[in-house]
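Structural overview for review
Okay, here's what each chain looks like letter by letter:
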Amino acid sequence: MDPLDTAPPAIETRGLAKRYRKVTALTDCTITVPEGRISALIGPNGAGKTTLLRLLSGLARPSGGEVRVLGGMPRQEPAFLAEIGFVAQEIPLYRRLSAGDHIAAGTHLNPRWDAASVRQRLKSLDVPLGQAVGTLSGGQRAQVALSLTLAKRPRLLLLDEPVAALDPLARRQFLATLADAVAAGGLTVVLSSHLVADLERVCDHLILLAASRVQLCGDIDTVLAEHRVLVGPRKDTTAIERTHRLVQATHTARQSTLLIRGRGPIADPAWESADVGLEELVLGYLGQGAPPAIAHLTTVGEDS
Amino acid sequence: MTWLVWRQHRNQAYVAAAVLAAFAVLLLVTGRQMASQYQSALTSCAAGHTCGNLAGSLTLSTPVMSLLVTLTVVVPCLLGVFWGGPLVAREFETGTTQFAWMQSITRGRWLTAKAGWALLAAAVWAGAVSALVTWWSGPLNALNNQNFQPGQFDIQGIVPIGYALFAVALGIAVGTLLRRTLPALAITIGVFTFLRLVIGQDLRAHYLAPLTMTFNFLHPPALPKGSYWLVSGGLVGPGGQVVSNPAHGGPSISFGGVPVSIANVPAACRTLLFQGPHEFGSCLAARGYYGLITYQPADRYWTFQGIETGIFVALAAALIAVTAVVILRRDA
């Protein structure tokens, strides 16, 4: 057994729910993220990604259910906060302060603070340390926010749509910074995004949210192995639905394409079975029709 | 946290210090002139035994300086608007609460540092302005017995510190509840002005029961000594019944500086009204009428300053408590 799997999970929720007056932002959310994973939190706008991350960070309180992060409840306590890094979607920083000011502030506000590494990382990315962060580009600001968060040496890093507003180059640099940090060890990451392709490169775990509910949660390899795409002549699917869960069926005049979950064999030789890719899987869960789902997934910079 | 508070607000602090310094220079220069002018006037009137008329004949301040000093009444409100209102509201607006609250410090410590320094700075700034105004007004207070009068009471002594603490706390609390700066500023101005007016006009006169004094219109009225605060002046009829009282409104006429309400005077005397207070007063005195004033004596000045300051400090404390509960309980 992988030693990581015997360690207590970094994140464990059971029946977690968040309601804002009459709006349900998250309901019946039960997930487990083992330590050391980079988890992709995927879902369309309004699926509850931000809400989940805010509940995990302790910025918001649950309306129901249980949440355990790094073995305890998220709470306003220096010892807990020191272990968590959170970068909100809008990348909030003090606009008039420079990156250097933020680094100095962090020194005063955190027990562990690796100022030297932030400076070095930002210098290597050519981010000016003395300039007000409000005048930096979106990519530079995101790098500043991520570097500041990493300087806390957190054990859990929660990133809400960190790459949504970035151009492809900045996005690549950002994810490279993240990958380096994880390679250094002792870090679990949950990263929400619309952009499945980016996440596929860096993530090994998946949480799929849609309509305030968890659709899938697990290691990406395991999840992919549980799903198959069947292509065959258009016909009744009741036989398959008896042994497998039909996630999505798309039909043309002659042909049907089915996304199914379950490892059992398919008796009917008329179906051709194929492995499923992450993007295909996500679209299958999110969209009854693929095109609108694609539109959702590639929309950049919207609230979720 | 103090480091961050200072880094965030140091420019405001510099501007505030510069404005205060300019104000101090202006008041010190004109205040010294006034003091020496008053001293020489006292010396010369003592020689000629005319000091009784000094208040009527001597003008110490210029209209511009008097206006400027009177306008310091808005200082607490400005502090509430510029320092209190945005303190938390702007952090919510820009999302920086999510940065600050994810550092390894509690929200309680965050609020304590921010609100604590803002309140302290406001108290010091308003206190310095008030100290300058109080010192500058010294000759005027002595000459006109004015420091207990509404308007002067509000800009001298220690009450401006209480007002400033309240205004800043109000701004912080409203900003925390609304999470938006501009509406917070508008509501801060509105609530602060309303409470100041209500407390100043309706409550202050009753902190301690006013004293009463009667006087005869025939003689130059023997009024209270020093800078007492006249709460009301009325007319008492021959049977001892109060026939008019400022609470009833209506016109009044001044006897030795005391405005006496003349709503229900005998018709025979009313026709003498335009011949001057002396004829009018003789007519009233001949018919057995006399004057009645209620007032707060001069020696209650510091008691009243203390009571009013206490009220506003208590309100400020309540508002900070509300803010703390909201910050600790609500989601970021």
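Just so we're clear, the structure is a prediction, and the values are computed from it rather than from any experiment.

Let us now look at the overall build of chain B. The helix and strand inventory of chain B stands at 12 helices and six strands. Along the first, second and third principal axes, the C-alpha set of chain B runs to 80 × 45 × 30 Å. Burial analysis of chain B (332 residues in total) assigns 33% to the buried set. Contacts in chain B between residues at least 24 apart in sequence constitute 77% of all its contacts with a sequence separation of at least 6.

All names here are of chain A. If you walk across this open sheet you meet the six strands as E6-E7-E8-E4-E9-E10, and the pairing is mixed. At either end of the open sheet lies a strand with only one pairing partner, and these are strand E6 (84-87) and strand E10 (213-219). Neighbouring strand axes in the sheet, compared pairwise and without regard to direction, differ in orientation by 15° on average. Of the pairings in the sheet, the one linking strand E4 (residues 38-42) to strand E9 (residues 205-210) comprises four bridges and is parallel in character. The partner of alanine 40 across the bridge, within E9, is leucine 206. Sitting on the sheet, helix H6 (residues 138-151) is in contact with E6 and strand E7 (156-160), with an inclination near 170° to E6.

Before going further, it helps to examine the domain arrangement of chain A. All names here are of chain A. According to the domain assignment, chain A contains domain 1 (3-222) and domain 2 (227-298). Taking only C-alpha atoms, the centre of domain 1 and the centre of domain 2 are 32 Å apart. Elements with a minimum of two residues in the side of domain 1 that touches domain 2: helix H8 (196-202), E9 and E10. Counting residues per element, the side of domain 1 that touches domain 2 draws most heavily on H8, which supplies three residues. Across the side of domain 1 that touches domain 2, the residue classes break down as eight nonpolar, three polar and one charged.

Residue and element names in this part refer to chain A. Running from amino to carboxyl end, helix H4 (residues 99-109) crosses helix H5 (residues 115-124) at an angle of 165°, the nearest separation of the two axes being 10 Å. On the basis of their axis angle, the class for H4 and H5 is roughly antiparallel. Relative to H5, the crossing made by H4 is right-handed. Within the contact between the two elements, H4 uses Ala99, Ile103 and Thr107 and H5 uses Ala115, Val118, Arg119 and Leu122.

With that out of the way, let us pick up the nonpolar core. Residues and elements named next belong to chain B. The biggest cluster of nonpolar side chains holds 142 residues, and the ones touching the most others in it are Ala122, Ala164, Leu165, Val168 and Ala169. If we skip the residues at most four places from it in the chain, alanine 169 touches Gly84, Leu119, Ala316, Leu319 and Ile320. One finds Leu235, Phe255, Val260 and Cys283 within the second-largest nonpolar core, a separate group that totals nine residues.

Let us look at unusual backbone geometry. All names here are of chain A. Positioned with a positive phi, leucine 70 is a non-glycine residue whose angle comes to about 50°. Tracing the backbone shows leucine 70 in the loop between strand E5 (64-69) and helix H3 (78-81). Positive phi outside glycine occurs at aspartate 126, with the angle close to 60°. By the element assignment, aspartate 126 lies in the loop between H5 and H6. On the basis of neighbour count, aspartate 126 is assigned to the exposed category, with 8 C-beta atoms found within 10 Å.

Residue and element names in this part refer to chain A. The residue leucine 136 is located in the loop between H5 and H6 in this model. Given 19 C-beta atoms within 10 Å, leucine 136 falls into the partly exposed group. For the pair leucine 136 and glycine 106, spaced 30 residues apart in sequence, the C-alpha separation works out to 19 Å. Each residue touching leucine 136, except ones within four places of it in the same chain, is listed here: Val127, Gln131, Arg141 and Val144.

So, how was this worked out
- Residues numbered from 1 in each chain as written.
- Chains lettered and ligands numbered in written order.
- Predicted model: local features only at pLDDT ≥ 70, side-chain atom pairs only at ≥ 80, totals over all residues.
- Helix = DSSP H or I, 4+ residues; strand = E, 2+ residues; numbered from the N terminus.
- Buried ≥ 20, exposed ≤ 12 C-beta atoms within 10 Å, placed from the backbone.
- Contact = placed C-beta atoms within 7 Å.
- Pairing = 2+ DSSP bridges.
- Axes fitted to C-alpha atoms, helices over the stretch in contact; angles between N-to-C directions.
- Domains from an automatic or database assignment.
- Nonpolar A, V, L, I, M, F, W, Y, C, P; charged D, E, K, R; others polar.
- Parallel < 35°, antiparallel > 145°, perpendicular 65-115°, else oblique.
- Left-handed = near helix turned anticlockwise from the far one by under 90°.
- Core = buried A, V, L, I, M, F, W, Y, C linked by C-beta atoms within 7 Å.

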